[in-house]
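Residues per chain, in single letters:
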Amino acid sequence: MPSPDHRIINGIDVKKRIISDVKAYTEQQSDMPRLISVLIGDVPEADVYVRNQARGAEQAGLPFERVNWPSDITQEDCKSRILAMNDDPSVLGIILQRPVPGHINVRSMQSAIHPLKDVEGMNPASIGNIVYSDVALAPCTAAASVALIKETGLPMEGLEVVMIGHSEIVGKPAAMMLMAEGCTVTVCHHMTRSVPMHSRRADVVVVAVGKAHLVGPDMIKPGAAVIDIGINQIETEDGVKIVGDVDTDAVLDVAGWITPVPGGVGPVTVAILMRNAMVAHQRQIAAGWL
């Protein structure tokens, strides 16, 4: 049996370690409140995420409940239900699955989730806290990318990182989290004149664009770490295949480390959600809620 490629950062191994830490915490608690995953309407594309979250919660010793609200629910009813969960001590955290129906303002719903129950780190207050280096309840995918960079063993202080993509839920918070770690961060986006000019000098390249094989070996400095957050479906002769934003096989010849897709950022994102739930529990106790 061939030995594992040391250049591949195995997200499943990282997930197991984080989940194990959370499990050790929950086993010491007499009664853990539950995580609630909210789906509004029929959201088949979210089913796989909910299943992964439920599995992660079970492994971590966290009660988990999936609730489905009708697709024609009003904005006001949504908000009132979320506010009721904010006031319910049996609810540890609220996960709002996306997408939501068009008549529901998702940002308003995320804002309605109390920051101490915002295990996804999507409330504007949670994201704003990152500016002040409070990253304990940060957006899960952004936090997962930082955790995977740390897996390389590279010193974070002064590390040159290029973030390709500047979304509100991944790119921007990841950049702020990396700055909180002491990294020097350049953020590239669709208006950046020459992304390769920036990425070729980086010690670490983080990609979250949603475009299959956007990043090739000509964009990576030899020995650099590449964190691939993208999830894309492409048609192949054998059917549909899930790939990232990085041409993994080609970049592997250049990079020092790379995350696979699938099996890289995804599993760690689920683990970070469980770690956030643990932090939320600690903070709710400190606030006198529990």
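Each remark here, short or long, concerns the structure printed above.
We now turn to the structure provided with this report. (Residues numbered from 1 in each chain as written. Predicted model: local features only at pLDDT ≥ 70, side-chain atom pairs only at ≥ 80, totals over all residues. Heavy atoms only, no water.)

**What to know about the pairing of strand 9 (residues 239-243)**
Within a regular beta strand, the side chains point alternately toward one face of the sheet and then the other, so they alternate between its two faces. Note that strand 8 (residues 232-236) and strand 9 share 5 bridges and pair antiparallel. Looking at the pairing, Gln-233 lines up with Ile-242 of strand 9. Between strand 8 and strand 9, which pair antiparallel in sequence order, lie 2 residues. (Pairing = 2+ DSSP bridges. Helix = DSSP H or I, 4+ residues; strand = E, 2+ residues; numbered from the N terminus.)

**What to know about a nonpolar patch on the surface**
Together, Val-48, Tyr-49, Ile-231 and Ile-242 make up an exposed nonpolar region whose accessible area comes to about 350 Å². One can find Tyr-49 in helix 2 (residues 47-60). A relative accessible area of 43% means that Tyr-49 is categorised as partly exposed. (Patch = residues over 30% accessible without salt bridge, like charges linked within 9 Å, V, L, I, M, F, W, Y side chains within 5 Å. Areas by Shrake-Rupley, 256 points an atom, 1.4 Å probe, with all protein chains shown as cover. Salt bridge = Lys/Arg side-chain N within 4 Å of Asp/Glu carboxyl O. Buried < 20%, exposed > 50% of the residue type's maximum accessible area, 1.4 Å probe, protein only.)

**Some thoughts on the nonpolar core**
Judged by nonpolar contacts, the single largest core of 53 residues is most densely connected at Leu-62, Ile-227 and Met-274. Broken down by element, the residue count for this core peaks at 11 residues, all from helix 10 (residues 265-286). Look past the residues within four positions of Met-274 in its chain and what remains in contact with it is Ile-19, Val-22, Leu-35, Gln-53, Gly-56, Ala-57, Ala-60 and Leu-62. (Core = buried A, V, L, I, M, F, W, Y, C linked by side-chain atoms within 4.5 Å. Contact = heavy atoms within 4.5 Å.)

**Overview of unusual backbone geometry**
Phi is mostly negative for residues that are not glycine, and the peptide bonds are mostly trans. With an omega of 5 degrees, the peptide bond running from Arg-98 to Pro-99 counts as cis. Mapped onto the secondary structure, Pro-99 falls in the loop between strand 3 (91-96) and helix 4 (106-112). Here the bond from Val-261 into Pro-262 is cis, since omega is 0 degrees, no more than 30 degrees from zero. Within the secondary structure, Pro-262 is located in the loop between strand 10 (257-258) and helix 10.

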